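Remarks on the overall topology
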Amino acid sequence: MADKKVALVTGGAQGIGEATVRRLSADGFAVAIADLNLEGAQALADDLNANGGTAIAIKLDVSDQAAVDAAVDEAAEKLGDFNVIVNNAGLAPTTPVGTVTPEQFDLVTRVNTAGTMWGVQAATRKFRELGHGGKIINATSQAGVVGNPNLMLYCSTKFAIRGITQVAARELAPEGITVNAYAPGIVKTPMMMDIAHQVAVNAGKDDEWGMSTFSKDIALGRLSEPEDVAAGISFLAGPDSDYITGHTLEVDGGMQFH
Ligand SMILES: NC(=O)C1=CN([C@@H]2O[C@H](COP(=O)(O)OP(=O)(O)OC[C@H]3O[C@@H](n4cnc5c(N)ncnc54)[C@H](O)[C@@H]3O)[C@@H](O)[C@H]2O)C=CC1
Ligand SMILES: CC(=O)C(C)=O
């Protein structure tokens, strides 16, 4: 048995994933950073290992089911246990109605929806092998709770991820496995900068204007830092959330109330 609990974070090399890796490491987890961007993941692992943490980097494309299985196996073998998966990797192209192509549909659905499903299945298999429960945490979005203009394809995957979360939560509860999701709002990451840029280009405006169009509905009056979301994920990964499953934690500064 490892002396630290073990978490794997997909898309962990930048943005919300990086903040989550840093937060879970500070919480005492050994962390596997699984990302398409191996160089970024390795640099982050090196930084954590040099500062008292325990981390490994794994090159992973979450749309490849066998690769997700192998990443979970590698994390468990090298870090000595497996307790939490954060299915965080995702793609968010701007797709006004009329612009989605079959190729784009396949790519985004394979990464966001299938990638999450492969993560849920791989973690479940590993928890069963190890003979203990665990925590599965999936990235949805405020755009998985309400439809967002210009994000039809992305929204379809983020709504689907809430469905995956609820089904898995009901099925896996008897095995001591909880399954929850987090729904960030507008977070200052490379993904969000790209969306704001695209919206600005379409309107003939600058990036600052593009980002400001997203901030007007936030009750708390500021955009989200990646660390705000990581704090919510830390709660879902830790013991204080043991009696919560099938839930979507909206970490969005109050973008919608229902
Ligand atoms: N930034 C935001 O405002 C919001 C983000 N989210 C969700 O949070 C999650 C993280 O978002 P950000 O940090 O903003 O994204 P980001 O684009 O800044 O970072 C994503 C990371 O995932 C990796 N990645 C991309 N495709 C991958 C694949 N096929 N396999 C493995 N790794 C892959 C990238 O290399 C990158 O390191 C995503 O699921 C996103 O949909 C949800 C709501 C708002
Ligand atoms: C990227 C995203 O999830 C938004 C804009 O809600």
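Conventions and cut-offs
- Residues numbered from 1 in each chain as written.
- Chains lettered and ligands numbered in written order.
- Predicted model: local features only at pLDDT ≥ 70, side-chain atom pairs only at ≥ 80, totals over all residues.
- Heavy atoms only, no water.
- Salt bridge = Lys/Arg side-chain N within 4 Å of Asp/Glu carboxyl O.
- Helix = DSSP H or I, 4+ residues; strand = E, 2+ residues; numbered from the N terminus.
- Buried < 20%, exposed > 50% of the residue type's maximum accessible area, 1.4 Å probe, protein only.
- UniProt positions renumbered as here; feature names shortened; annotations may be inferred.
- Contact = heavy atoms within 4.5 Å.
- Near = heavy atom within 4 Å.
- Polar contact = N/O pair within 3.5 Å; in protein donor to acceptor, adjacent residues only side chain to side chain.
- Areas by Shrake-Rupley, 256 points an atom, 1.4 Å probe, with all protein chains shown as cover.
- 1 Å grid on protein atoms, 1.4 Å probe; cavity = no way out; pocket = protein on both sides within 12 Å on 5 of 7 lines; lining within 4 Å.
- Sits in = over half its atoms within 2 Å of the grid points.
- Nonpolar A, V, L, I, M, F, W, Y, C, P; charged D, E, K, R; others polar.
- Core = buried A, V, L, I, M, F, W, Y, C linked by side-chain atoms within 4.5 Å.
- Domains from an automatic or database assignment.
- Buried area = accessible area lost by both parts, 1.4 Å probe.
- Points joined across faces, edges and corners; volume = space filled by probe spheres on them.
- Phe/Tyr/Trp six-rings, centres within 6.5 Å; stacked < 30°, edge-to-face > 60°.

Description of the pattern of salt bridges
- In total, this model carries 13 salt bridges according to the counting rule given.
- Among the salt bridges present, the one from Glu 74 reaches Lys 78, with a minimum N-O distance of 2.8 Å. Of the two residues, Glu 74 and Lys 78 are both situated in helix α3 (residues 65-79); the distance of four residues between them amounts to about one turn of the helix.
- The exposure class of Lys 78 is exposed, given its relative accessible area of 54%.

Observations regarding the UniProt feature "active site" (unreviewed entry) in the protein chain
- In the numbering used here, UniProt assigns the feature "active site" (unreviewed entry) to Tyr 154.
- Within the fold, Tyr 154 resides in helix α5 (residues 152-172).
- Overall, the relative accessible area of 9% leaves Tyr 154 in the buried class.
- Apart from residues lying up to four places away in sequence, Tyr 154 is in contact with Leu 91, Ala 92, Asn 112, Ser 141, Ala 143 and Met 191.

Brief notes about the site of ligand 2
- The local shell around ligand 2 consists of Ser 141, Gln 142, Ala 143, Leu 151, Tyr 154, Gly 185, Ile 186, Met 192 and Ile 195.
- Gln 142 places a side-chain nitrogen or oxygen 2.7 Å from an oxygen atom of ligand 2.
- With the chains in place, 95% of the 230 Å² that ligand 2 exposes on its own is no longer accessible.
- In this structure the site holding ligand 2 corresponds to the largest pocket.
- For the shell around ligand 2, the residue count by class is six nonpolar, three polar and no charged.

Focus: the site of ligand 1
- Within the structure, ligand 1 sits among 27 residues, and Asp 35, Asn 88, Tyr 154, Val 187 and Thr 189 are positioned closest to it.
- Contact distances for ligand 1 include 2.9 Å between an oxygen atom and a side-chain N or O atom of Gln 14.
- Measuring from a nitrogen atom of ligand 1, one finds a side-chain N or O atom of Asp 61 at 3.0 Å.
- If ligand 1 stood free it would expose 840 Å²; the protein chains cover 93% of that surface.

Observations concerning the nonpolar core
- Core analysis: the biggest nonpolar cluster contains 29 residues, and Leu 8, Ala 32, Phe 82, Ile 85, Ile 136 and Val 179 have the highest contact counts within it.
- Taken together, the elements giving at least two residues each to this core come down to β1 (6-10), β2 (30-35), β3 (55-59), α3, α4 (102-130), α5 and β6 (177-184).
- No other element matches α3, which puts six residues into this core.
- When neighbours within four sequence positions are excluded, Leu 8 is seen to be in contact with Ala 32, Ala 34, Ala 71, Val 72, Ala 75, Phe 82, Val 84, Ile 85 and Val 86.
- Counting residues in hydrophobic clusters, the runner-up holds 25 residues, among them Ala 13, Leu 24, Ala 55 and Ala 139.

Side note on the domain arrangement of the protein chain
- When its domains are assigned, the protein chain resolves into domain 1 (6-185 + 224-244) and domain 2 (189-223).
- Taking the mean C-alpha position of each, domain 1 and domain 2 sit 25 Å from one another.
- Contacts between the two partners involve 13 residues from domain 1 and, on the opposite side, eight residues from domain 2.
- Summing both partners gives a buried area of about 820 Å² for domain 1 against domain 2, and 65% of it is carried by carbon and sulfur.
- Considering only the side of domain 1, the residues that lose the most area to domain 2 are Ala 92, Thr 94 and Ser 224, jointly responsible for 42% of the buried surface there.
- Viewed at the interface, domain 2 and domain 1 are joined by one salt bridge.
- Note that Arg 222 and Asp 228 form a salt bridge whose closest N and O atoms lie 2.9 Å from each other.
- Across the contact surface, domain 1 and domain 2 share one residue pair in polar contact (both at pLDDT 80 or more).
- Mapped onto the side of domain 1 that touches domain 2, the elements with two or more residues apiece are α1 (15-26) and α8 (226-237).

Overview of the layout of surface pockets
- Considering only enclosed or pocket space, the largest pocket measures out at about 930 Å³ in volume.
- As for the largest pocket, its lining consists of 45 residues, and the residues nearest its centre are Asn 88, Ala 89, Gly 90, Leu 91 and Met 191.
- Listing elements by their share of the lining of the largest pocket, those giving two or more residues are α1, β2, α4, α5, β6 and α6 (190-203).
- Among the elements that take part in the lining of the largest pocket, α6 stands out by supplying six residues, more than any other.
- Classifying every residue of the lining of the largest pocket gives 23 nonpolar, 16 polar and six charged.

Let's talk about the packing of aromatic side chains
- Evaluated as defined, the whole model comprises one aromatic pair.
- When the centroid spacing of 5.8 Å and the interplanar angle of 35° are considered together, the rings of Phe 82 and Phe 127 count as tilted. Linking Phe 82 in the loop between α3 and β4 (84-87) with Phe 127 in helix α4, this pair joins segments that are 45 residues apart in sequence.
- The exposure class assigned to Phe 127 is buried, which follows from its relative accessible area of 1%.

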